[in-house]
Amino acid sequence: MVSIEQLVEQLRALGVRPGGVLLVHTAFTEVRPVEGGPLGLIDALRAALGPGGTLVMPAMTDGESVFDPATTPTAGMGITAELFRRQPGVLRSTHPGGSFAAAGPLAERICAPQPLSPPHGPDSPVGRVHDLDGQVLLLGVSHSENTTLHLAEAIARVPYSVSHPCVVELDGAARTVMIAETDHCCVRFRLADEWLYARRLQDGGPVGAAYARLCRSRDIVAVAALHLARDPLIFLCPPSAACEECDLARASVPPAGARP
Ligand SMILES: [Zn+2]
């Protein structure tokens with residue numbers, strides 16, 4: 001059992017900046033056992049940031065019903081993110097499928113309204129964490145969970161885009177709209193691990209029972225941009241892998257002559 005105090009020490013030792021902006025993707029099953037469970041982990045993250053810091057977590061939903069930031073549960077984001085978005089004083093952005101929750105002095109700015117597409121573009125919570133020179137903490141998860149790599153794809157204008165249905169409220173009525181995003185299986189996002197370590201732009205170490213990775217959002221985007229400039233499809237599994245999601249993304253790429 002790791003105490004909250006020990007977690008705070010580990011987070012600080014890893015390089016979490018007091019007073020900074022921190023976007024956290026985590027799987028609590030990898031971090032436990034922790035004093036206070038997932039709420040103890042949230043307490044530790046907030047304590048490591050201090051009162052001047054802003055904590056951000058994904059709060060994405062399944063998009064199958066009209067989104068209400070106050071009540072719609074997160075889908076597939078883990079227990080820590082679900083409990084965080086429910087805490088008093090935590091704000092939640094309004095994207096019907098790709099919302100984020102944030103607490104701290106910059107929470108309102110991070111959760112400001114955004115366009116529907118792309119969900120993780122420059123004008124989105126993830127984009128604002130980048131603008132604010134925030135850090136990204138992958139706590140017991142890999143870069144395949146790293147939404148900042150979707151931001152990198154949007155900034156690099158990768159040629160693939162897949163649309164998914166999402167329920168939105170228009171003029172008081174529920175309607176299903178198609179939202180375009182740079183979707184694929186995201187397994188090859190894990191390439192970013194060696195790219196960042198090779199440039200000494202990522203710190204790794206223990207937090208609870210988990211292995212944690214910490215980087216600046218801007219470093220993730222800059223390093224991904226270098227690789228995307230050489231190969232815009234680098235994050236898609238090769239056709240030989242027979243990955244259904246990556247094959248769909250690949251099929252969305254316009255023929256070479258038709259690209260702007
Ligand atoms: Zn794939």
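Quantities reported herein were computed from a predicted structural model and do not represent experimental measurements.

Draft legend 1. Inspection of the sheet that holds strand β2 (residues 54-58) at higher detail. Spatial strand order, β3-β4-β2-β1-β5-β9-β8: seven strands in an open sheet with mixed pairing. Lying at the two open borders of the sheet, with one neighbouring strand each, are β3 (91-92) and β8 (202-207). Both strand β1 (residues 21-26) and β2 contribute to a ladder of three bridges, which runs parallel. Looking across to β2, one finds that Leu-23 is bridged to Val-56. Packed on one face of the sheet, helix α8 (residues 191-198) meets β8 and β9 (210-216) and runs near 110° to β8. Helix α9 (residues 217-230) contacts β5 (135-139) and β9 of the sheet and is inclined by roughly 80° relative to β9.

Draft legend 2. How the structure looks around the coordination of the zinc ion. Bound to the zinc ion are the protein donor atoms Cys-185 (SG), Cys-237 (SG), Cys-243 (SG) and Cys-246 (SG), situated 2.2 to 2.4 Å from the metal. What the four donor atoms of the zinc ion show is an angle range of 105 to 120° at the metal, which sorts the shape as tetrahedral.

Draft legend 3. Looking closely at a negative patch on the surface. Together, Glu-5, Glu-9, Glu-35 and Asp-43 make up a region of like negative charge exposed at the surface. Relative to the helices and strands, Glu-35 resides in the loop between α2 (28-31) and α3 (37-49). Relative accessible area serves as the criterion here: at 37%, Glu-35 is assigned to the partly exposed category.

Draft legend 4. Here's a closer look at unusual backbone geometry. Residue Pro-33 is bonded to the preceding Arg-32 through a cis peptide linkage, with omega at 0°. Each neighbour pair has its own omega, and for Ser-117 with Pro-118 the value is -5°, a cis peptide bond. Structurally, the position occupied by Pro-118 is in the loop between α5 (107-110) and α6 (125-131). Here Asp-133, not a glycine, exhibits a phi torsion of approximately 55°, which is positive. Of the residues examined, Asp-133 reaches a relative accessible area of 22% and is grouped as partly exposed.

Draft legend 5. Region of interest: the pattern of salt bridges. Counted under the stated rule, the structure contains seven salt bridges. Between Asp-193 and Arg-213 there is a salt bridge, and its shortest N-O distance comes to 2.7 Å. Pair noted here: Asp-193 is in helix α8 and Arg-213 is in strand β9, with a separation of 20 residues, a long-range link. Like Asp-193, the residue Arg-213 is buried in the burial classification. Asp-219 serves as the salt-bridge partner of Arg-216, at 3.5 Å between the closest nitrogen and oxygen. A relative accessible area of 30% places Arg-216 in the partly exposed class. Under the relative-accessibility criterion, Asp-219 is labelled buried at 14%. A single salt-bridge network, built from bridges that share partners, covers Asp-133, Arg-216, Arg-218 and Asp-219.

Draft legend 6. The arrangement of the pairing of β9 in detail. With respect to burial, β9 is a largely interior element, five of its seven residues being buried. Of the strand pairs in this sheet, β8 and β9 are connected by six bridges, and their pairing is antiparallel. The partner of Pro-206 across the bridge, within β9, is Tyr-211. The turn joining β8 and β9, which pair antiparallel and follow one another in sequence, is formed by two residues; a positive phi near 60° is taken by Gly-208.

Draft legend 7. Spotlight on the side chain of His-227. Here His-227 is to be found in helix α9. Ignoring sequence-local partners within four residues, the contact set of His-227 consists of Trp-195, Arg-199 and Ile-234.

Parameters at a glance
- Residues numbered from 1 in each chain as written.
- Predicted model: local features only at pLDDT ≥ 70, side-chain atom pairs only at ≥ 80, totals over all residues.
- Heavy atoms only, no water.
- Pairing = 2+ DSSP bridges.
- Helix = DSSP H or I, 4+ residues; strand = E, 2+ residues; numbered from the N terminus.
- Contact = heavy atoms within 4.5 Å.
- Axes fitted to C-alpha atoms, helices over the stretch in contact; angles between N-to-C directions.
- Donors = N, O, S within 2.8 Å, 3.2 Å for Na, K, Ca; no water.
- Tetrahedral: all angles 85-135°; square planar, octahedral: opposite > 155°, others 65-115°.
- Patch = residues over 30% accessible without salt bridge, like charges linked within 9 Å, V, L, I, M, F, W, Y side chains within 5 Å.
- Areas by Shrake-Rupley, 256 points an atom, 1.4 Å probe, with all protein chains shown as cover.
- Salt bridge = Lys/Arg side-chain N within 4 Å of Asp/Glu carboxyl O.
- Lys, Arg positive; Asp, Glu negative; His and termini not counted.
- Charge placed at Lys NZ, Arg CZ, Asp CG, Glu CD.
- Buried < 20%, exposed > 50% of the residue type's maximum accessible area, 1.4 Å probe, protein only.

Taken by themselves, the reported measurements are silent on function.
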